[in-house]
Amino acid sequence: MTQDPRPEPQKSPAKTILRALAGERQPVPPIWMMRQAGRYLPEYRATRAQAGDFLSLCYTPDLAAEVTLQPIRRFGFDAAILFADILLIPQALGLDLWFVTGEGPRLSTITTPDELAALKPAEAIHETLSPVYETVRILSRELPRETTLIGFAGAPWTVATYMIAGRGTRDQGPAHALKDADRATFQGLIDRVTEATILYLSAQIEAGAEVVKLFDSWAGSLRGQDFDDFAAAPARRIIAALKERHPDVPVIAFPREAGDRYVGFAKATGADCVALDNSVSAEWAARNVQVDGCVQGNLAPGHMVTGGQALVDATRAIVRAFSNGPHIFNLGHGITPDADPENVALMIRTVREGA
Ligand SMILES: Cc1c2[nH]c(c1CCC(=O)O)Cc1[nH]c(c(CCC(=O)O)c1C)Cc1[nH]c(c(CCC(=O)O)c1C)Cc1[nH]c(c(C)c1CCC(=O)O)C2
């Protein structure tokens, strides 16, 4: 083999997350964590107290940027995720939204054609959401050069489940009921959220988000044709619209608890990466999902509470299982408030110092 003295041309972007999303296998996978800014961090709790409540924190760009940066300073994650919430879209479309301490979100509901007609048009969301874009602009100035900024939104089905029930539900019963009883209203709601999501994510990208992620936390309750129609189809529509405007911005899709339906999801939707929950084994996902491109996940969040050798072993097993292809290390779902930051540090050391 002849030696070429010229430096290798840069074939892929320098940031580790963007390289993984471009399909590059890396000896050490880049790492970030769902809900990495959150109540398990004392500095988050202090800033949240300063904001007064969760929604004020989301809508105060300096403070939202501050909590986004906290886990980057503390742990040096490869990506920062914009601090906001998937339920800001329903609020921007005109629903009331509030959070009950210890219980979670509450919204005014939409279940009738009249209530659908009373929603604001998708273009109106920017009035409410412009502080979020300002947070993105601050972050793109203040993040370390090597850190990738991820924007996000909820996927239409998951967002609609909250808009229909007015709260989180275990089985998404009210949303399934509306889907089966009044298809036109249900589809109209999915379409409105889809249009708003395209505008919202485009605005995040224009403000400086380098990657966007679609959270479909309740995709697992959609079966058969419903999964195609209400998980895959809206994601495909959103991704196609984003790729038309911003062809170089990668999209991560998270159809949580999709099980077998993770297979082919990237191809079916155009996503650059599929995020995996922890109900699928990494070996299965490497064979069946990673064959199509980058995957993200899938450590059980409970390890951030329990720690110890079990955490180290589970982390190593995931890194090993995905080591033959593009992988972003992450949890299978959000870190919980009872997690110990020391366990997060142990997970990161285990990933970076090798298995
Ligand atoms: C379903 C969903 C929501 N929000 C989100 C989802 C999808 C992901 C998932 O399945 O967890 C997504 C989300 N929520 C939040 C982020 C910020 C970025 C990050 O991941 O760090 C992101 C990406 C902040 C948040 N969103 C929320 C908090 C806790 C609020 C607080 O500080 O009191 C945070 C940090 C509140 C929230 N927001 C939501 C619920 C059900 C709750 C209450 C439950 C809880 O308290 O954990 C809706």
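Residues numbered from 1 in each chain as written. Predicted model: local features only at pLDDT ≥ 70, side-chain atom pairs only at ≥ 80, totals over all residues. Heavy atoms only, no water.

Considerations on the UniProt feature "site: Transition state stabilizer" (unreviewed entry) in the chain
Link 1 in the chain: In the UniProt entry, the feature "site: Transition state stabilizer" (unreviewed entry) is given for Asp85.
Link 2 in the chain: Along the chain, the position of Asp85 falls in the loop between strand 1 (79–81) and helix 5 (88–92).
Link 3 in the chain: The class for Asp85 is buried, based on a relative accessible area of 14%.
Link 4 in the chain: Ignoring any residue separated from it by four or fewer positions in sequence, one finds Asp85 in contact with Phe54, Cys58, Phe99 and Phe152.
Link 5 in the chain: Side-chain polar atoms of Asp85 contact the backbone nitrogen of Leu87, separated by 3.0 Å. (UniProt positions renumbered as here; feature names shortened; annotations may be inferred. Helix = DSSP H or I, 4+ residues; strand = E, 2+ residues; numbered from the N terminus. Buried < 20%, exposed > 50% of the residue type's maximum accessible area, 1.4 Å probe, protein only. Contact = heavy atoms within 4.5 Å. Polar contact = N/O pair within 3.5 Å; in protein donor to acceptor, adjacent residues only side chain to side chain.)

A look at the environment of Gly94
Link 1 in the chain: Considering the arrangement of structural elements, one finds Gly94 in the loop between helix 5 and strand 2 (97–100).
Link 2 in the chain: Measuring from C-alpha to C-alpha, the distance between Gly94 and Asp216 comes to 21 Å, with 122 residues separating the pair along the chain.

Some thoughts on the site of the ligand
Link 1 in the chain: The full set close to the ligand counts 22 residues, and Tyr44, Arg48, Asp85, Ser217 and His333 are the nearest of them.
Link 2 in the chain: One of the backbone N or O atoms of Gln36 is found 3.3 Å from an oxygen atom in the ligand.
Link 3 in the chain: Within the contact set of the ligand, an oxygen atom lies 3.3 Å away from a backbone nitrogen or oxygen of Ala37.
Link 4 in the chain: When the free accessible area of the ligand is taken as 860 Å², the share hidden by the protein chains comes to 88%. (Near = heavy atom within 4 Å. Areas by Shrake-Rupley, 256 points an atom, 1.4 Å probe, with all protein chains shown as cover.)

Looking at the UniProt feature "binding site: substrate" (unreviewed entry) in the chain
Link 1 in the chain: Here, UniProt's "binding site: substrate" (unreviewed entry) annotation points to Arg35, Gln36, Ala37, Gly38, Arg39, Asp85, Tyr162, Ser217 and His333. Across 299 residues in sequence, these annotated residues place their C-alpha atoms as far as 22.7 Å from one another, rather than forming a single compact spot.
Link 2 in the chain: Within the element layout of this structure, His333 appears in the loop between strand 9 (327–331) and helix 16 (341–352).
Link 3 in the chain: Apart from residues no more than four positions distant in its own chain, His333 is found in contact with Met34, Phe254, Arg256, Asn278 and Pro301.

Remarks on helix 10 (residues 183–207)
Link 1 in the chain: Between its terminal C-alpha atoms helix 10 stretches 36 Å, which fits the 36 Å expected from 25 residues at 1.5 Å a residue.
Link 2 in the chain: Directly beyond the C-terminal end of helix 10, a positive phi value near 130° is found at Gly208. (Expected span 1.5 Å × (residues − 1).)

Let's talk about the packing of helix 9 (residues 173–181) against helix 10
Link 1 in the chain: Here helix 9 crosses helix 10 at 120°, and the two axes come no closer than 5 Å. Relative to helix 10, the element helix 9 lies oblique. Between helix 9 and helix 10, the contacting residues are Ala175, Leu178, Lys179, Asp180 and Ala181 on the first element and Arg183, Thr185 and Phe186 on the second.
Link 2 in the chain: A class-by-class count of the residues in the contact of helix 9 with helix 10 yields four nonpolar, one polar and three charged. (Axes fitted to C-alpha atoms, helices over the stretch in contact; angles between N-to-C directions. Parallel < 35°, antiparallel > 145°, perpendicular 65-115°, else oblique. Nonpolar A, V, L, I, M, F, W, Y, C, P; charged D, E, K, R; others polar.)

A look at the pairing of strand 8 (residues 294–299)
Link 1 in the chain: For strand 8, the buried fraction is high: six of the six residues fall into the buried class.
Link 2 in the chain: Between the parallel elements strand 7 (residues 273–275) and strand 8, the chain passes through helix 13 (residues 282–288) in a crossover that is right-handed.
Link 3 in the chain: In the sheet, strand 8 pairs with strand 9 via five bridges, with the strands oriented parallel. Paired with Gly297 across the two strands is Phe329, which belongs to strand 9. (Right-handed = clockwise from strand over helix to strand, strands pointing away. Pairing = 2+ DSSP bridges.)

Concerning the sheet that holds strand 1
Link 1 in the chain: Here we have seven strands laid out as an open sheet, ordered 1-4-5-6-7-8-9, and parallel in their pairing. Looking at which strands have only one partner, the edges of the open sheet turn out to be strand 1 and strand 9. Adjacent strand axes in the sheet meet at a mean angle of 25°, parallel and antiparallel pairs treated alike.
Link 2 in the chain: Relative to strand 7, strand 6 (residues 251–255) runs parallel, the two being bridged by two bridges. Across the sheet, Ala253 pairs through a bridge with Val274, a residue of strand 7.

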